[in-house]
Amino acid sequence: MANRQNTTLNKNLDLPEYFSRPASQRQRHYEVVRAIALEKQSVEEAAKKFGYKNNTVYALVRDAKAGKVELFPMVRKGPQGKRTPSDVQDKVFALRKQRLSTPDIQLRLAKEKITISARTIERILKDAGFGKLKRRTNKELGKTVKNKIIPDRAKKLDFTELEPFNVDCPTVGVFFFIPYILESGILDVVKQCHLPESSIIGSTQACLSMLLLKLVGGKRLSHIGAYDQEPGLGIFAGLNILPKPAYMCSYSCRCSETQLIDLQIKLLSLFKKNYPDFYGNDFINLDFHSIPHYGDESEMEKVWCGSRGKAMKGANTVFACDGQSNAVLYTRADILRNEESQEIKKFVDYWKGIGGNVDETLVFDCKFTNYKILDDLENDNVNVKFITLRKRNAALVKKTLELPQKAWKKVYVPIPKRKYKNVSVHESEVKLKDCENSFRQIAIKDHGRSKPTFILTNNKNLPLKDILQVYAKRWRVENKLSEMVAFFNLNALSSSIMVRIHFDILWTMIADTLYHRMASDLRRFENNIAPTVFKKFIDMPGKVVYDGEKFSVKIRKRAHTPVLKEVEKLQTPFQVPWLDGKFVEIIWTA
């Protein structure tokens, strides 16, 4: 027979042995006290018999007299109660009333540092009479088909209801650009051009969201979805969170090409006024850039895509950059192949609309336009200076190589990394086919190529050495395009619709200008390109804190922090209009 303490009594049990040599500790305590109290044994005898020390026996007798030793504990009968605390059970009930599943309840309790198994939660709910939840839709679960958490709806911050918060931000360095955005006046131009807005997201917030994605090097507008759970970045744009990809991808569809050209002209006029050092060079480099398109259904023409090394469907775009600072001056996307040669005239009209005239010399390669357009640029009503290449042909090369050695002269081209600095040149005046005007032609050999190169220009006053040096630096516009492809992801085509492509590269130009401006304030890093500035000074985590009165951006000190602490704009709180005029302060922590 077995009792509730699982002690089994054998029929052949030796009872005298059972009582004289107790097995359990509690029985030994009992026999020691009984031997002294009833059998009147001495302490020494009892201690020796049951294997205790004398002091232990004295302590047992003392505690037994004081009632501190329970020699016969009461055995509780009946069902045992749940060991889960009642307050935890109440939390489980409250969470189930919110239609949360067992895993969700377990996750919520884990956040409160309450460890409980899913099986225990199910038992608690079953005993309390809760049934199983009905199958919920993805919307009710708060997840997409791809099992991604559905973010809140983006909307402008309501400062009458905004409570203090402290949130993490993965790229908190973008807040360094706010003083430069305020200084540049970009948002004033956005308002003047009446860019699209909705009832919950204004044009200022939409454009700041677009600009933010460019400043962090986002590949496509659709990739803004990677930040839709980051309220810290939403604060940058004056929103609770950044807009969804669908909103950002469709925003440009409400803009017209005329609206974008107007925005670009006003922006460049403002940049030229505020940042004269970026736009003061006497030379402007121009070049085409083809953005490949991989879709089958599109109305794009086939163009040569250098990044793929073949002709394929793509967007033909044009860029113009300052010859010294390499800042982007002009960009356009909707260019047909039969209109390429006219693009330089469109740039001339654009630049005249900004500065009134074209005093700079335009530098481009031989495929940028044709000879007839070059002749038009020389006419009195246009009178635009240019430097370009002449297309080679067999007869021209043969005639040039037959020139006597004394017709050539050596010229030193002072470009540090150039391998062939001492070249042979021959200058002449030529009149090209279908042209009324004659141009300076400079033939170059001994420059590392098998055939001579021919430079054409209508700038009669520019010294020969300077012409060679200026055209040799035309590769800077190609470097700029490479930089924009690598960091701003220029080749990540946003759409097959040209106005959307123009909108995208226009904001790329704005972001690039802001990087130029910020780099100019970074001592010894003035000439760093955007990817380097982002890596060293922008790409850093931190916290965005709101105390009800102002915003604080808290960042841990890093290797390049001393350089940032020398930037005057970042050392004092700055007032941000789209944040209800509240101040933002940069705080460096240990």
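Calculation criteria
- Residues numbered from 1 in each chain as written.
- Predicted model: local features only at pLDDT ≥ 70, side-chain atom pairs only at ≥ 80, totals over all residues.
- Heavy atoms only, no water.
- Helix = DSSP H or I, 4+ residues; strand = E, 2+ residues; numbered from the N terminus.
- Rg over C-alpha atoms; globule rule 2.2 N^0.38 Å.
- Contact = heavy atoms within 4.5 Å.
- Areas by Shrake-Rupley, 256 points an atom, 1.4 Å probe, with all protein chains shown as cover.
- Lys, Arg positive; Asp, Glu negative; His and termini not counted.
- Charge placed at Lys NZ, Arg CZ, Asp CG, Glu CD.
- Phe/Tyr/Trp six-rings, centres within 6.5 Å; stacked < 30°, edge-to-face > 60°.
- Buried < 20%, exposed > 50% of the residue type's maximum accessible area, 1.4 Å probe, protein only.
- Lys NZ or Arg CZ within 6 Å of the ring centre and 35° of its normal.
- Core = buried A, V, L, I, M, F, W, Y, C linked by side-chain atoms within 4.5 Å.
- Polar contact = N/O pair within 3.5 Å; in protein donor to acceptor, adjacent residues only side chain to side chain.
- Pairing = 2+ DSSP bridges.
- Axes fitted to C-alpha atoms, helices over the stretch in contact; angles between N-to-C directions.
- Salt bridge = Lys/Arg side-chain N within 4 Å of Asp/Glu carboxyl O.
- pLDDT = per-residue confidence, 0-100.
- Parallel < 35°, antiparallel > 145°, perpendicular 65-115°, else oblique.
- Left-handed = near helix turned anticlockwise from the far one by under 90°.
- Nonpolar A, V, L, I, M, F, W, Y, C, P; charged D, E, K, R; others polar.

## As for the overall build of the chain
Line of reasoning, step 1. Looking only at helices and strands, one finds 22 helices and 15 strands in the chain.
Line of reasoning, step 2. Taken against the 2.2 N^0.38 rule, which gives 25 Å for 590 residues, the C-alpha radius of gyration of the chain at 41 Å runs more than 25% over that of a compact globule.
Line of reasoning, step 3. Within the chain, counting contacts between residues at least 6 apart in sequence, those at least 24 apart form 66% of the total.
Line of reasoning, step 4. For the chain, the accessible area works out to roughly 32600 Å², and carbon and sulfur atoms hold 49% of it.
Line of reasoning, step 5. Of the charged side chains in the chain, 98 are positive and 67 negative; the average position of the first set lies 8 Å away from that of the second.

## Side note on the packing of aromatic side chains
Line of reasoning, step 1. Within the structure shown, the criterion is met by 28 aromatic pairs.
Line of reasoning, step 2. The interplanar angle of 45° and the centroid separation of 5.7 Å between the aromatic rings of Tyr 275 and Phe 278 together place this pair among those described as tilted. No difference in accessibility class separates Tyr 275 from Phe 278, as the two residues are buried.
Line of reasoning, step 3. Three or more aromatic residues link up through ring pairs in this structure, and these residues are Phe 177, Phe 487, Phe 488, Tyr 515 and Phe 534.
Line of reasoning, step 4. Against the face of Tyr 52 rests Arg 28, its NZ or CZ located 4.5 Å from the ring centre.

## Digging into the nonpolar core
Line of reasoning, step 1. Of all hydrophobic cores here, the largest spans 129 residues; its most connected members are Phe 175, Phe 176, Leu 362, Tyr 515 and Ile 538.
Line of reasoning, step 2. Here this core takes 14 residues from helix α20 (residues 498–519), the largest share from any one element.
Line of reasoning, step 3. Setting aside anything within four residues of it in sequence, one finds Tyr 515 in contact with Phe 177, Leu 215, Phe 487, Phe 488, Ala 530, Val 533, Phe 534 and Ile 538.
Line of reasoning, step 4. Judged by nonpolar contacts, the second largest core, of 19 residues, contains Phe 283, Val 411, Ile 444 and Ala 472.

## Re the environment of Val 88
Line of reasoning, step 1. When you line up the elements, Val 88 lands in helix α5 (residues 86–97).
Line of reasoning, step 2. With relative accessibility at 9%, the residue Val 88 sits in the buried group.
Line of reasoning, step 3. Val 88 sits 243 residues away from Thr 331 along the chain, and the two C-alpha atoms are 63 Å apart.
Line of reasoning, step 4. In contact with Val 88, not counting residues within four places along its chain, are Ile 114 and Ile 116.

## Focus: the side chain of Ser 101
Line of reasoning, step 1. One can find Ser 101 in the loop between α5 and α6 (102–111).
Line of reasoning, step 2. Taking relative accessible area as the criterion, Ser 101 reaches 17% and is therefore assigned buried.
Line of reasoning, step 3. A distance of 3.0 Å separates polar atoms of two side chains, one belonging to Ser 101 and the other to Asp 104.
Line of reasoning, step 4. With near-sequence residues (within four places) excluded, Ser 101 lies in contact with Arg 96, Leu 133 and Arg 136.

## What about the sheet that holds strand β13 (residues 551–556)?
Line of reasoning, step 1. Taking strand neighbours across the sheet as the criterion, the five strands line up as β1-β12-β13-β15-β14 in an open arrangement whose pairing is mixed. The sheet terminates laterally at β1 (165–169) and β14 (574–576), the two strands that pair on one side only. Ignoring strand direction, the axes of neighbouring strands in this sheet form an average angle of 25°.

## Quick look at the environment of Pro 452
Line of reasoning, step 1. In this fold, Pro 452 is placed in the loop between β10 (438–445) and β11 (453–457).
Line of reasoning, step 2. In this structure the C-alpha to C-alpha distance between Pro 452 and Ala 311, which are 141 residues apart in sequence, comes to 27 Å.

## Section: the pattern of salt bridges
Line of reasoning, step 1. What the rule picks out here adds up to 21 salt bridges.
Line of reasoning, step 2. A salt bridge links Lys 91 to Glu 112, with the shortest nitrogen-to-oxygen separation between them at 3.0 Å. Taken as a pair, Lys 91 in helix α5 and Glu 112 in the loop between α6 and α7 (118–127) lie far apart in primary sequence, 21 residues in all.
Line of reasoning, step 3. With relative accessibility at 34%, the residue Lys 91 sits in the partly exposed group.

## Description of the pairing of strand β5 (residues 328–332)
Line of reasoning, step 1. Counting buried positions along β5 yields five of five residues, so the element is predominantly enclosed.
Line of reasoning, step 2. As paired elements, strand β4 (residues 310–322) and β5 share four bridges and run antiparallel to each other. Bridge pairing links Ala 320 to Tyr 330 in β5.
Line of reasoning, step 3. Once β4 ends, the chain turns through five residues before running back antiparallel as β5, passing Asn 326 with a positive phi of about 65°.

## Here we look at the side chain of Thr 400
Line of reasoning, step 1. Here Thr 400 shows up in helix α17 (residues 394–401).
Line of reasoning, step 2. At 2.8 Å, the side chain of Thr 400 and the backbone oxygen of Leu 396 are in polar contact.

## Side note on the confidence of the model for the chain
Line of reasoning, step 1. Looking at the chain, the pLDDT average stands at 86 and 92% of residues meet or exceed 70.
Line of reasoning, step 2. When the criterion is pLDDT under 50, residues 1–9 qualifies, and its contacts beyond four places in sequence or with other chains add up to seven contacts.

## Looking at unusual backbone geometry
Line of reasoning, step 1. Here Asp 434, not a glycine, exhibits a phi torsion of approximately 65°, which is positive.
Line of reasoning, step 2. In this structure, Asp 434 sits in the loop between β9 (422–431) and β10.
Line of reasoning, step 3. By relative accessible area, which is 60% here, Asp 434 ends up exposed.
Line of reasoning, step 4. Notably, Asp 580 is not glycine yet its phi reads approximately 65°, a positive angle.
Line of reasoning, step 5. Relative to the elements of secondary structure, Asp 580 occurs in the loop between β14 and β15 (582–589).

## So, the packing of α5 against α6
Line of reasoning, step 1. Relative to each other, α5 and α6 sit at 130°, their axes nearing to 10 Å. Classified by the angle between their axes, α5 and α6 sit oblique to one another. At the point where α5 passes α6, the crossing takes the right-handed sense. In this structure, α5 contributes Lys 91, Val 92, Leu 95 and Arg 96 to the contact, and α6 contributes Thr 102, Ile 105, Arg 108 and Leu 109.
Line of reasoning, step 2. A class-by-class count of the residues in the contact of α5 with α6 yields four nonpolar, one polar and three charged.

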